[in-house]
Amino acid sequence: MANWSDIALATIPAAPLAAAIWCGTVAQVVRRTTAHRPVVLALALSLVAAAYVLFVVVPGSVVDSPAAHSQITPIESSGESLVKPVSLIASATPASATGEHHGPAHKAYIFEVYRWMSVGGLTVDIVLRADAMTALMLVMVNFVSLLVAIFASSYMHGDKGYPRFFGAMALFVFSMNMLVLAGNFIEVFIFWEAVGLCSYLLIGHWYHKPSAAAAARKAFVVNRIGDFGLMTAIFLIYRTFGSVDFETVLDPARLAELAAAQPGLVTTIALLLLLGAIGKSAQFPLHVWLPDAMEGPTPVSALIHAATMVTAGVYLIARTTPIFVHSPTAQLVVAGVGAITALVAAITALCQYDLKRVLAYSTVSQLGYMFMALGAAAASPALAAHAETFAMFHLLTHAFFKAVLFLAAGSVMHAMGDVIDMRRFSGLRKALPITHITFLCGALALAGFPLLSGFWSKDEILAVVWEATQTGDYKTYFYLILGVGLLTSLLTAFYTFRAYYLTFHGPERFPEEAGHHPHDASPAMAIPLYILAALAVVAGLILGPTHIYAHYIEMTPNFPTAAPAGMNVGMMVLSTVLALGGIGLAYTIYGKATRPEYSDARPLSLWENVSLNGLYLDQLYGALIVRPMATLSAVCEFVDRMILDKIVDAVGLIPIIAGGMIRPLQNGLVSSYAAVMLLGVIVALASVLRAIASVT
C-alpha cells in the first residue's frame, strides 16, 4: 500500500502527463479555447506535491543512526504489482581527500515504479528519486511553469494551435520533472532527450514561419552534439562501474579509489558529461541555438529557455559533483567554458535591438556564471560545497528574475502588435505601467542591484571565485576568471538598462501595428508578472544571507559539507560599484532625452556590427562546418545518384538484355517451337553418341 510520500512523488510527473494527453486528444476536438485549464490544474497539483516533498519527504529522510546506512522501512510488495516498495537509500558523507567530513547520513527517498529492463549485467529501473537538490529543482520548475501557463492562457488566446501549445508545454514539464527525479543515468538520458524534443516542438510552434522552423531545427541539431557526449559518458560509466545507478556511481569512496587508480578515466567521464551540459545549457561554443530559439512564443522563452531546460546542464554537473571533484582538470575546463560564455554573450548583448534576444544572450551569460562557480572547486576540494551551493542558488534566483523579464518582454510584444524591435518604440512606461514596474524589478535583480535577488547570488559566485584565487595551484587562472566575471557584471548592468531605457524611457512612440492605444497586461498576464517580480526582489534576501538555501541543499546525499560562507564585504562593494556604474553609463547614453536615434539608414560601426552579429560565430560555423558539410553531402548525393545508382541500374539491365536475346524464339509459331525441339534432340543425340564413342 502506497503512502503519502509515494503519492506525492508519483503525482509530480503524472499530473502534467495526464494534462498533455488530454490536450493532445480530447482538447483537439472539444473545448479548444479552454485547453489551458487542465494544464494549469495539473501544474498546481504538481507544485503542491513538490512542496510536500520539499518540506516533508526530504527532511524526514535524514537519520543520524548507524542503522541508516542500510535499506530501512521496506514496504512489502504484493502479487504482480508494477509498483515496488519504497526505500530510503543511505549515503553517508565520509571524510576523504575531497574536503568532505563526517556528518549526518543523508538519504535519497527512492520510489521504484517498475523494472524497465534487465539485459546481461545491466538492470535499469524506472525510479523516482528525491533528495534536497531534487526537491529544490522540482519546486522551482513547477512554480515557474504554473505562472507561465497562467500567463500563456491570455497571451496565446486565439492562437490556432492553442491546445497543441499547452499539450507540448505539459509534456515538457512532465519530461523535466522526470529528468530531475531520475535515479540513474539511463533515465536522465531518456528525459534529457524528451525535453529536447519538447523544446523543438515549442520553438517551432509557429511552424508556418520559416524562421521558427529553422530555429527549431537548429536547436535540435546543435543539442545532438552535446547529447553525443552525454551518451558516451553513460557508456563509459557503465563499463567502469557496472551500473548506471546514482547510488553506485556517485559513491565517494568508490570514486576516490577509481581516481587514485585511473585519474584519466575520471577526467574523461567528467569532460563527456560537461559536453552534454554545454549543449543543453547553451555554453560556448554550442550556445548559438538559444538566441534563435526566441522565434518561439514568449512563454516558451520564459519557461524553457530561461528557467528550466537550459538549467539542466548546470543541474547535471551539480548532481555529478562527486565525479568532478576528483578531476581538477575537468573543473578548470568547466570554469573556463563558463567564463568565455559569460563574456562572449555579454558582449553580444550590448548592441542587440531585439528585446528578447537581449534577454536570450543574458541567459547564456548568466548560465556561464553558474559554470564559473561549479568550476571554482578546482582550486581546492574544500571549495566544492560553496561552489555547488552558490551555482544552484543563482540558478534559483535567475529563474525568477529572468522569467519576469521574458514575460514582461512578451507583454511589450503583445501590446506592440508583435513588434519587439526596440528601435520602433520607446517611452512605454506610462502606456504599460504594470509591464514597466515588473520589468524594472527583473532588470535591477539581473544587474545585481544591492539587496535584490541577483545581488546575493551573483556576489556569492564572485566570492567563491575570489576564494579560488587565494588557494591551490591555479591562482593566476582564477584571477583571470574573476576578472572576466567582474567585467561581465559591468556589461550585464549596462546592456540590461540599455534595453530598459530604450523600451520604457524617451519620447512615447508606438509602431503602426500597435494602434493608437496599446493595452497593458491583462489580469491573467499581470498576476504572474507581479509574483515573479516580488520574488526577484526578495527571494535572494530571504534565502541567501540567512543560509536557509545552503543548509537545505546540504541534505543532498554525497554533498560536500563545509562551514557556512561568510559575507565577502569587499566583493559586495566592488560588485555594487560595477552594477551602479553599468546602470549609470546606460542612463547617460540612453536614458536622457539626447540619446541616439536609430534608423535603418544609419551606418553601424565595426564594434556594433561585431556585437549585433554575435561575433560572427554563426557565419564562422557556416563557413567552417555547415557549408563544408553541405558540400560533402552534395558530393555524396552525386556519387549515390550518378554512380552507385547507375551501377545498380546496370546490374538490373542484365536480365532484361538476356531476356531480349532469347525473346525472338518465343514468337508463338509452332514451326519455331518444332525447330527448337529438333535442335534439342540433335544436341542430346550428339551428346549420347559422344559418350558411347568415348567408352568404346
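Residues numbered from 1 in each chain as written. Predicted model: local features only at pLDDT ≥ 70, side-chain atom pairs only at ≥ 80, totals over all residues. Heavy atoms only, no water.

**Some points on the overall build of the protein**
What counts here: What counts as a helix is a DSSP run of H or I of at least four residues, what counts as a strand is a run of E of at least two, and both are numbered from the N terminus. Each residue is assigned to one of three classes by its accessible area relative to the maximum for its type, calculated with a 1.4 Å probe on protein chains only: buried under 20%, partly exposed between the two thresholds, exposed over 50%. Contacts are residue-level and defined by heavy atoms, with any inter-residue pair within 4.5 Å sufficient. To be clear on the numbers: accessible area is Shrake-Rupley with a 1.4 Å probe, and residue cover counts the displayed protein chains and nothing else. Under the counting rule used here, the positive set is Lys and Arg, the negative set is Asp and Glu, and His together with the chain ends is not counted. Charge placement uses NZ in Lys and CZ in Arg. For Asp and Glu, CG and CD serve respectively.
Scanning the protein from terminus to terminus reveals 25 helices and three strands. When each of the 696 residues of the protein is scored for burial, the buried share is 55%. Considering only residue pairs separated by 6 or more positions, the protein has 79% of its internal contacts joining residues 24 or more positions apart. A total of about 28500 Å² of accessible surface is found on the protein, and carbon and sulfur atoms cover 70% of it. Within the protein, one finds 36 positive and 39 negative side-chain charges whose respective centroids are separated by 9 Å.

**Details of unusual backbone geometry**
Note the cis peptide between F284 and P285, where omega equals 5 degrees. Within the secondary structure, P285 sits in the loop between α9 (263–280) and α10 (289–292). At D418, a position not held by glycine, the phi torsion is positive, near 70 degrees. Here D418 lies in the loop between α16 (384–415) and α17 (433–447).

**Remarks on a nonpolar patch on the surface**
To keep it simple, the criterion reads: The patches reported here contain residues having more than 30% relative accessible area and no salt bridge. Joining distances are 9 Å for like charges and 5 Å for nonpolar side chains (Val, Leu, Ile, Met, Phe, Trp, Tyr). Here, a salt bridge means any side-chain nitrogen of Lys or Arg that lies within 4 Å of a carboxyl oxygen of Asp or Glu.
Judged by side-chain polarity, V635, F638, V639, M642, I643, L644, I647, V651 and I654 come together as a nonpolar surface patch covering roughly 810 Å² of accessible area. Structurally, I643 is set in helix α24 (residues 617–662). For I643, a relative accessible area of 40% puts it in the partly exposed group.

**Let's talk about the pattern of salt bridges**
In the structure shown here, the tally under the stated rule is 13 salt bridges. The closest approach of N and O atoms between D131 and R319, which form a salt bridge, is 2.6 Å. Residue D131 is found in the loop between β3 (122–130) and α3 (132–155), and its partner R319 is found in helix α12 (residues 312–319); the two are separated by 188 residues along the sequence. By relative accessible area, which is 7% here, R319 ends up buried. Beyond isolated ion pairs, a larger network of salt bridges with shared partners links R129, D131, E247 and R319.

**Observations regarding the packing of α17 against helix α19 (residues 475–504)**
Put simply, the rule reads: Here an axis means a line fitted to C-alpha atoms, over the contact stretch when the element is a helix, while the angle between two N-to-C directions is reported on a 0 to 180 degree scale. With respect to orientation, any angle under 35 degrees is reported as roughly parallel, any angle over 145 as roughly antiparallel, any angle of 65 to 115 as roughly perpendicular, and every other angle as oblique. For any pair of crossing helices, the crossing counts as left-handed if the nearer helix is rotated counterclockwise from the farther one by less than a right angle, and right-handed if it is rotated clockwise. Throughout this entry, Asp, Glu, Lys and Arg are counted as charged residues, while Ala, Val, Leu, Ile, Met, Phe, Trp, Tyr, Cys and Pro are counted as nonpolar. The remaining residues, Gly among them, count as polar.
Where α17 contacts α19, the two axes come as close as 9 Å, and the packing angle between them is 170 degrees. Classified by the angle their axes make, α17 and α19 are roughly antiparallel. The element α17 and its partner α19 pack so that their crossing is left-handed. Across the interface between the two elements, T435, H436, F439, L440, A443, L444, L446 and A447 of α17 pack against T492, A493, T496, F497, Y500 and F504 of α19. Here the residues of the contact of α17 with α19 sort into 10 nonpolar, four polar and no charged.

**Side note on the environment of L585**
By the element assignment, L585 lies in helix α22 (residues 569–591). Measuring from C-alpha to C-alpha, the distance between L585 and V30 comes to 54 Å, with 555 residues separating the pair along the chain.

**Things to note about the packing of aromatic side chains**
By convention here, two paired aromatic rings are described through the distance between centres and the angle between planes. Let me state the cut-off plainly: Pairing of aromatic rings covers Phe, Tyr and Trp, the last counted by its six-membered ring, and requires centre-to-centre distances within 6.5 Å; plane angles under 30 degrees mean stacked, over 60 mean edge-to-face, and any other angle means tilted. Counting as a charge over the ring demands two things of the Lys NZ or Arg CZ atom: a distance within 6 Å of the ring centre and an angle within 35 degrees of the ring normal.
Applying the stated criterion across every chain, the model contains 18 aromatic pairs. Centre to centre, the rings of F165 and F166 are 5.3 Å apart; their planes meet at 90 degrees, and the pair counts as edge-to-face. The pair F165 / F166 is uniform in exposure class, with both members buried. Across the ring face of F220, the terminal group of R224 is positioned such that the distance to the ring centre comes to 4.2 Å. Above the face of the Y590 ring, R498 is positioned so that its terminal group lies 5.5 Å from the ring centre.

**Comments concerning the nonpolar core**
Inclusion rule: What makes a nonpolar core is a set of buried Ala, Val, Leu, Ile, Met, Phe, Trp, Tyr and Cys residues whose side-chain atoms join them at distances within 4.5 Å. Per the annotation, domain bounds derive from an automatic or database assignment of domains.
Membership of the largest hydrophobic core comes to 231 residues, with the highest contact counts inside it found for F172, M392, F478 and F497. With 22 residues, the top contributor of residues to this core is α16. Each of domain 1 (1–57 + 106–229 + 274–323) and domain 2 (327–597) accounts for three or more of the residues forming this core. Excluding its chain neighbours within four sequence positions, the residues that come into contact with F497 are L440, A443, L444, A447, I583 and A586.

**Overview of the domain arrangement of the protein**
Taken domain by domain, the protein comprises domain 1 (1–57 + 106–229 + 274–323), domain 2 (327–597), domain 3 (608–656) and domain 4 (666–695). Computed from C-alpha coordinates alone, the two centres of domain 2 and domain 4 are separated by 96 Å.

**Some remarks on the UniProt feature "domain: NADH:quinone oxidoreductase/Mrp antiporter transmembrane" (unreviewed entry) in the protein**
Rules: UniProt positions are given in the numbering used here, feature names are shortened, and annotations may be inferred rather than shown by experiment.
In the UniProt entry, the feature "domain: NADH:quinone oxidoreductase/Mrp antiporter transmembrane" (unreviewed entry) is given for residues 182–470. Between the C-alpha atoms that bound residues 182–470 the distance is 37 Å, and the span itself is 74% helix and 0% strand.

**Here's the deal with the state of the cysteines**
Convention followed: Cysteine sulfur atoms are paired as a disulfide whenever they fall within 2.5 Å.
What the rule picks out here adds up to zero disulfides. This cysteine, C198, is not joined by any disulfide, and C23 carries the nearest cysteine sulfur, 13 Å off.

**Observations concerning the packing of helix α14 (residues 328–349) against helix α15 (residues 355–375)**
In the contact formed by α14 and α15, the axes pass within 7 Å of each other and the chain directions differ by 160 degrees. With respect to α15, the element α14 is oriented roughly antiparallel. Relative to α15, α14 is oriented so that their crossing is left-handed. Residues Q331, V334, A335, G338, A339, T341, A342, A345, A346, T348 and A349 of α14 form the contact with α15, whose participating residues are V358, Y361, V364, S365, G368, Y369, F371, M372, L374 and G375.

**Some thoughts on the confidence of the model for the protein**
Heads up, the condition is: Across the chain, each position has a pLDDT score giving the predictor's confidence in that residue, from 0 to 100.
With 91% of its residues at a pLDDT of 70 or more, the protein shows a mean pLDDT of 86. Counting interchain partners and residues more than four positions distant, the pLDDT-below-50 stretch residues 65–103 has 86 contacts.

**Observations regarding the side chain of R319**
Cut-off, in case you're wondering: For this analysis, a polar contact is any N or O atom pair within 3.5 Å, provided that within protein one partner can donate a hydrogen and the other can accept it, and provided that sequence-adjacent residues contribute only side-chain to side-chain pairs.
Within polar-contact distance, the side chain of R319 engages the side chain of D131 at 2.6 Å. With near-sequence residues (within four places) excluded, R319 lies in contact with R129, D131, M133, T134, F246, L250 and T556.

**Things to note about the environment of A49**
Mapped onto the fold, A49 is located in helix α2 (residues 36–60). Separated by 460 residues in the primary sequence, A49 and R509 place their C-alpha atoms 46 Å from one another. Contact partners of A49, with chain neighbours within four places excluded, come to A8, T11 and I12.

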